Amino acid sequence: MTATVIYGKDLAAELRNEMKEEVTRLKENGITPGLTVILIGEDPASLSYVRGKQKASEKVGMESDLIELPESTSQAELLSLISELNNDDKVNGILVQLPLPDHIEEQEIIEAIEPSKDVDGFHPVSVGRLMTGQDTFFPCTPYGIMVMLEKAKIDVAGKHVVVIGRSNLVGKPVGQLLLNENATVTYCHSKTRELVYHTKQADIVIVAAGKAGLITDEHIKEEAVVIDVGVNRVDGKLTGDVDFDSVKQKASYITPVPKGVGPMTITMLLYNTIKAAKKTHGLI
Ligand code: NAD
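Please read all numbers here as calculations on a predicted model, not as lab measurements. (Residues numbered from 1 in each chain as written. Predicted model: local features only at pLDDT ≥ 70, side-chain atom pairs only at ≥ 80, totals over all residues. Heavy atoms only, no water.)

A.B. asks: Help me out: how do you make sense of the domain arrangement of the protein chain in this one?
C.D. replies: By a widespread convention, an interface's size corresponds to the accessible area lost as its parts come together. Split by domain assignment, the protein chain resolves into domain 1 (30-114) and domain 2 (140-263). Each of domain 1 and domain 2 was reduced to a C-alpha centroid, and the two centroids are 29 Å apart. (Domains from an automatic or database assignment.)

Below is the structure:
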């Protein structure tokens with residue numbers, strides 16, 4: 001069989017059009033959702049990510065602010081900036097681009113963000129609410145994956161999902177979201193023995209390891225759904241963790257890299273920021 005390719009890029013464009021209309025309506029009622037992104041240092045990949053986030057926010061009509069600070073910024077300076085933004089009514093979402101320089105204690109920064117503005121969904125309050133099945137800001141990449149599955153009409157209830165990767169950013173939260181939707185979830189990671197033994201049993205495989213070519217057609221069963229989160233650069237070319245060409249011949253659905261999960265991540269960030277603005281104004 002040849003898999004149906006789920007293009008996150010197309011879905012993202014559709015959702016962003018809907019969001020643009022929603023932002024227009026909100027603005028007519030005097031509410032302009034605002035996102036502030038903080039970037040420390042000059043890492044080119046991070047700079048490109050934050051610019052992408054800023055551009056996307058502006059395109060849907062949101063207020064978007066990028067604060068670029070030098071690598072030498074201290075923990076105290078960053079904490080003081082976050083405190084200012086926490087108290088600024090125009091700012092609905094605060095995002096500190098990770099990773100941070102070594103001298104900054106990342107967890108303390110994440111925890112300094114007011115949970116009602118935690119549009120990345122990394123604050124322990126957001127994580128705890130996700131764990132206990134309550135509404136919260138879901139981390140953007142996992143949330144984007146859930147929306148892709150839903151829009152492709154892939155029901156996850158009762159399905160066996162194997163998640164490869166257990167990071168706080170992707171693996172753990174996507175597994176939890178799937179569990180909340182009644183999937184049976186297995187986590188695999190770098191210490192897992194015989195990865196193929198697990199993946200072969202999966203109805204759905206979510207691959208978030210950051211290892212190009214980790215998953216081939218030999219790892220999956222016929223008609224599995226394969227979601228590739230990986231972003232790797234091989235010989236200057238962007239590629240995922242899945243050997244797309246071979247897996248496409250066996251899977252029922254597959255996401256490509258690029259144009260797959262990536263565009264959904266920013267889309268869900270916009271969604272979370274609009275949601276934060278609506279919550280602040282008592283609209284939800
Ligand atoms: P990470 O490095 O924090 O975590 C990688 C995980 O993969 C770890 O839990 C590790 O145990 C596991 N792993 C590594 N090698 C493995 C192997 N050989 N077998 C099984 N498990 C293995 O990375 P992350 O932040 O979770 O990101 C994962 C990938 O997803 C990266 O390529 C990253 O660039 C990409 N990513 C993409 C988006 C997007 O929007 N498309 C967003 C976030 C991350």
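A.B. asks: Looking at this model, I keep getting lost on the packing of aromatic side chains. Mind explaining?
C.D. replies: The geometry of an aromatic ring pair is captured by the separation of the ring centres together with the interplanar angle, meaning the angle of the planes. Within this structure, the stated rule accounts for 2 aromatic pairs. Arranged with centres 5.1 Å apart and planes meeting at 85 degrees, the rings of Phe-138 and Tyr-143 form a pair that is edge-to-face. No difference in accessibility class separates Phe-138 from Tyr-143, as the two residues are buried. Aromatic pair Tyr-143 and Tyr-271: ring centres 5.6 Å apart, planes at 80 degrees, arrangement edge-to-face. Separated by 128 residues along the polypeptide, Tyr-143 in helix H6 (residues 140-151) and Tyr-271 in helix H10 (residues 261-280) bring together distant segments of the chain. (Phe/Tyr/Trp six-rings, centres within 6.5 Å; stacked < 30°, edge-to-face > 60°. Buried < 20%, exposed > 50% of the residue type's maximum accessible area, 1.4 Å probe, protein only. Helix = DSSP H or I, 4+ residues; strand = E, 2+ residues; numbered from the N terminus.)

A.B. asks: In this structure, what is going on with the site of the ligand? I would like to understand it.
C.D. replies: By nearness alone, 19 residues border the ligand, and Arg-166, Ser-167, Ser-190, Val-231 and Thr-265 come closest of all. Residue Arg-166 places a main-chain N or O atom 2.8 Å away from an oxygen atom belonging to the ligand. For the ligand, whose accessible area on its own is 860 Å², the fraction buried by protein is 72%. Tallied by class, the residues present in the shell around the ligand amount to 8 nonpolar, 9 polar and 2 charged. (Near = heavy atom within 4 Å. Polar contact = N/O pair within 3.5 Å; in protein donor to acceptor, adjacent residues only side chain to side chain. Areas by Shrake-Rupley, 256 points an atom, 1.4 Å probe, with all protein chains shown as cover. Nonpolar A, V, L, I, M, F, W, Y, C, P; charged D, E, K, R; others polar.)

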